[in-house]
Amino acid sequence: MAPKAKAKAMKSTAMTKGALADAVATACEMKKKDVIKALASIAEIATAEVKKSGVFTLPGLFRIKSRKKPATKAGKKEIFGKMCVVKAKPARTIVKAFPVAVLKKEF
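Not measured: the values here are computed from a predicted model.

J.: I would appreciate a short explanation of the domain arrangement of the protein chain in the present structure.
T.: It is common to report an interface's size as the accessible area lost on association of the parts. Taken domain by domain, the protein chain comprises domain 1 (17-53) and domain 2 (54-106). Taking only C-alpha atoms, the centre of domain 1 and the centre of domain 2 are 27 Å apart. With 7 residues of domain 1 at the contact, the number on the domain 2 side is 6 residues. Between domain 1 and domain 2, roughly 510 Å² of surface is buried when both sides are summed, and carbon and sulfur atoms account for 73% of that area. The largest contributions to the domain 1 side of the interface with domain 2 come from A46, V50 and S53, which together make up 71% of the buried area. Taken together, domain 1 and domain 2 are joined by 0 salt bridges. Scanning the region where domain 1 abuts domain 2 turns up 3 residue pairs in polar contact (both at pLDDT 80 or more).

The rules behind each value
In this convention, every chain numbers its residues from 1, walking through the sequence in written order. The predicted nature of this model means local features are confined to residues of pLDDT at least 70 and side-chain atom pairs, given and counted, to a pLDDT of 80 or more, with totals for whole chains, interfaces and linings taken over all residues. The side-chain figures draw on all heavy atoms in the structure; neither hydrogens nor water molecules are used. Reported domain spans reflect what an automatic or database domain assignment gives. Two residues form a contact once any of their heavy atoms are found within 4.5 Å. Summed over both partners, buried area is the accessible surface (1.4 Å probe) that two parts give up on being assembled. Should a side-chain nitrogen of Lys or Arg be within 4 Å of a carboxyl oxygen of Asp or Glu, the pair is scored as a salt bridge. For the purposes of these results, a polar contact is taken to be a pair of N or O atoms within 3.5 Å, where, inside protein, one atom must be able to donate a hydrogen and its partner to accept one; residues adjacent in sequence count only when each atom of the pair is a side-chain atom.

In structure tokens:
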């Protein structure tokens with residue numbers, strides 16, 4: 001039973017928005033309320049920029065890119081030696097986030 005309890009204790013969870021705001025507020029000596037407003041404004045700016053130009057970079061952390069994926073036609077394809085019917089798919093926009101080089105080197 002002891003190994004299960006130890007494994008459960010080692011599992012970590014992602015930091016919540018409130019915990020992040022609290023950590024930034026203590027590090028920068030600001031009010032938590034102001035930090036939450038700043039985080040919300042960064043999210044709005046990032047959304048607008050990705051819609052407008054397709055790219056948004058938060059220096060030192062990540063880069064968000066979007067691209068148009070074209071529509072595919074229905075038909076038959078040979079997959080692993082078997083003929084399969086492939087359904088048509090509409091065009092869509094794909095959004096991905098990539099870590100910057102400094103963050104990659106850290107891990």
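Anyway, onward from the coordinates.
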